[in-house]
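Structure at a glance
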Amino acid sequence: MIEFEAPKPIAQQSFALKTVAENMMRPFSRYFDENEHEIPWDYINFMQMAMRATGAGSLAPRESKKEGEEPRKDRPPIGYQSLAFMLETLAWGDVGIYLVTPGGGLGAAAVEATGNPEQKQKFLARFKEEKPTFAAMAMTESQAGSDTSAIRTTAVLDQATREWVLNGEKIFVTAGHKALCESAGFVVVWATIDPHAGRAGMRPFVVEAGTPGVQVTKLEHKMGIRASDTASIVLQDCRVPFDNILGSPEIEAVSTTGFKGAMATFDATRPLVAATGIGVARASLDLVKEMLAQQGVTIRYGLPRQKLTSIERDVIDMEVMLQSAWLLVIKAVWMADNRKPNPLEASMCKLRAGDVVTKITQKAVEIMGPLGYSREFLLEKWFRDAKITDIYEGTGQINRLIVARNVLGYSGRELR
Ligand SMILES: Cc1cc2nc3c(=O)[nH]c(=O)nc-3n(C[C@H](O)[C@H](O)[C@H](O)COP(=O)(O)OP(=O)(O)OC[C@H]3O[C@@H](n4cnc5c(N)ncnc54)[C@H](O)[C@@H]3O)c2cc1C
């Protein structure tokens, strides 16, 4: 059976989150856009309290299941679906502010995807504490973005102390500053244990706030999502305990488990990034329709296309783009919830959402003309906020490559 209606718990949650989006985010959107690097503590503290009260604790999916455990038959798993709805609504409120929601973010997703049960327990418990805590994931380096095999940050095992010694520099780390400087959080740092092994040498390491040798050296000034910090991080003889290597403590000489872990993280998070893009697109479309209605223009949905005005056609096309991208997201998160491998669907929905949010926000500015361009309204801000959907966690081009490989049956080596 195909079910298009949101399950009841999700519908209830969406109602509450819309109130948060309207009251705790929208009124402050412009302020945090214009005051980059100021931190929306009121929103953060509220969300921390609300998530603790509801038992959510973090933005990790609720059914965070044990290894090998089958989904429950009496209650369909909806953890990722629920997150997708939640993030879409928060991003509709303000995607930059959403990105500072306390909880694990991409860092916790990496622990979820690659950690063993003890590590999940140890590293994720902090998000249920009273104080807001953040986590981040640091993969990108100046020479290694799309091409993760070029990572130069090294992790060397000190046999005497049984500690890993990390050296290198990471750039563009979302929430890196909040994870390391504003809370007792952590950053999952991807480093190589064998610089000659390419992707096979990649491993994720948890670097906790307060660890000597890790330092935030820069905060980016950005075009959009300006409420969210994007940090550069330097690791200089940074020592972490042996057990902070995520996954199996056995270090196979050459294996692709590290890279697979990175991909598993993205399979889980790309649909969620797509959901945030769709939230921004929906915000733009809603506002355009509202502004048009104020000017006496309503969209006559039932008419044949040739009888519609050009603006009506534009708005209807925007709705089609939005809905089609959302359905791809729903499919990808449904697969994640039901433990079906979803690399194709995760990349498909991410690249489609990246395209759609860029086009819709641009069209929204275009339709409203000077009002779209003016800072009096948020349309110009959403236009700037949109583009990141197509950059982080794999650019549109990289996700197209992944889709092509999956559809055509090529490996990464054969098609790049
Ligand atoms: C605001 C922001 C937040 C970020 N947050 C994080 C984070 O939290 N953690 C993290 O690790 N990284 C983060 N990133 C980094 C982001 O993931 C990378 O910027 C992205 O993966 C692209 O890598 P790059 O910058 O090295 O660009 P490049 O890889 O140099 O790409 C440049 C251009 O070339 C294209 N290209 C590259 N290779 C190919 C190919 N094989 N075929 C076709 N086209 C190609 C790309 O699509 C892109 O258009 C963030 C970036 C930004 C801007």
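Residues numbered from 1 in each chain as written. Predicted model: local features only at pLDDT ≥ 70, side-chain atom pairs only at ≥ 80, totals over all residues. Heavy atoms only, no water.

**Things to note about the overall build of the protein chain**
Defined as follows: Secondary structure elements follow DSSP: runs of H or I of four or more residues count as helices, runs of E of two or more count as strands, with numbering from the N terminus. Throughout, the radius of gyration refers to the C-alpha atoms, and the reference size of a globule is 2.2 Å times the residue count to the power 0.38. We call a residue buried when its accessible area falls under 20% of the maximum for its residue type, exposed when it is over 50%, and partly exposed in between, using a 1.4 Å probe and counting protein chains only. What makes two residues a contact is simply this: any of their non-hydrogen atoms within 4.5 Å. Here the Shrake-Rupley method, with its probe set to 1.4 Å, supplies the accessible areas, and only the displayed protein chains count as covering residues. For the purpose of counting charges, residues Lys and Arg are taken to be positive, whereas Asp and Glu are taken to be negative. His and the chain ends are not included. By convention, charge coordinates are those of NZ in Lys, CZ in Arg, CG in Asp, or CD in Glu.
Assigned secondary structure in the protein chain consists of 13 helices and seven strands. For a compact globule of 416 residues, the expected C-alpha radius of gyration is about 22 Å, and the protein chain comes in at 21 Å, within 12% of that figure. Taken over the C-alpha atoms alone, the protein chain extends approximately 75 × 45 × 45 Å along its principal axes. Burial analysis of the protein chain (416 residues in total) assigns 53% to the buried set. Sequence-distant contacts, at least 24 apart, represent 74% of the contacts inside the protein chain between residues at least 6 apart. Put simply, the protein chain shows about 19500 Å² of open surface, and 56% of that area lies on carbon and sulfur atoms. Within the protein chain, the 50 negative side-chain charges are centred at a point lying 4 Å from the centre of the 49 positive side-chain charges.

**A word on the pattern of salt bridges**
Basically, it comes down to this: In the sections that follow, a salt bridge refers to a side-chain nitrogen of Lys or Arg positioned within 4 Å of a carboxyl oxygen of Asp or Glu.
Throughout the structure, instances matching the rule amount to 27 salt bridges. Between Asp 33 and Arg 384 there is a salt bridge, with the nearest N and O atoms lying 2.7 Å from each other. Separated by 351 residues along the polypeptide, Asp 33 in helix H2 (residues 29–34) and Arg 384 in helix H12 (residues 379–386) bring together distant segments of the chain. Arg 384 shares its class with Asp 33; the two are buried. Here Arg 305 makes a salt bridge to Asp 317, at a shortest N to O gap of 3.0 Å. Separated by 12 residues along the polypeptide, Arg 305 in the loop between helix H8 (257–294) and helix H9 (310–337) and Asp 317 in helix H9 bring together distant segments of the chain. Put simply, Arg 30, Asp 33, Glu 34, Glu 36, Arg 226, Arg 375, Glu 380 and Arg 384 are held in one network by salt bridges that share partners.

**A few points about the packing of aromatic side chains**
Quick note on the threshold: A pair of Phe, Tyr and Trp rings is counted when the ring centres sit within 6.5 Å of each other, with Trp represented by its six-membered ring. The angle between the planes then sorts it: under 30 degrees is stacked, over 60 is edge-to-face, the rest tilted. Definition used: whenever NZ (Lys) or CZ (Arg) falls within 6 Å of the ring centre and also within 35 degrees of the ring normal, the charge is taken to sit over that ring.
As enumerated under the stated definition, the model contains six aromatic pairs in all. Taking 5.9 Å as the distance between ring centres and 55° as the angle between the ring planes, the aromatic pair formed by Phe 127 and Phe 186 counts as tilted. Remark: Phe 186 occurs in strand E4 (residues 186–192) and Phe 127 occurs in the loop between helix H6 (117–124) and strand E1 (135–138); sequence separation between them is 59 residues. Like Phe 127, the residue Phe 186 is buried in the burial classification. In textbook terms, an aromatic cluster arises when at least three aromatic residues are bridged by ring pairs, as seen for Phe 123, Phe 127 and Phe 186. It is Arg 26 that lies over the ring of Trp 92; its NZ or CZ is 4.1 Å from the centre. It is Arg 162 that lies over the ring of Phe 242; its NZ or CZ is 4.6 Å from the centre.

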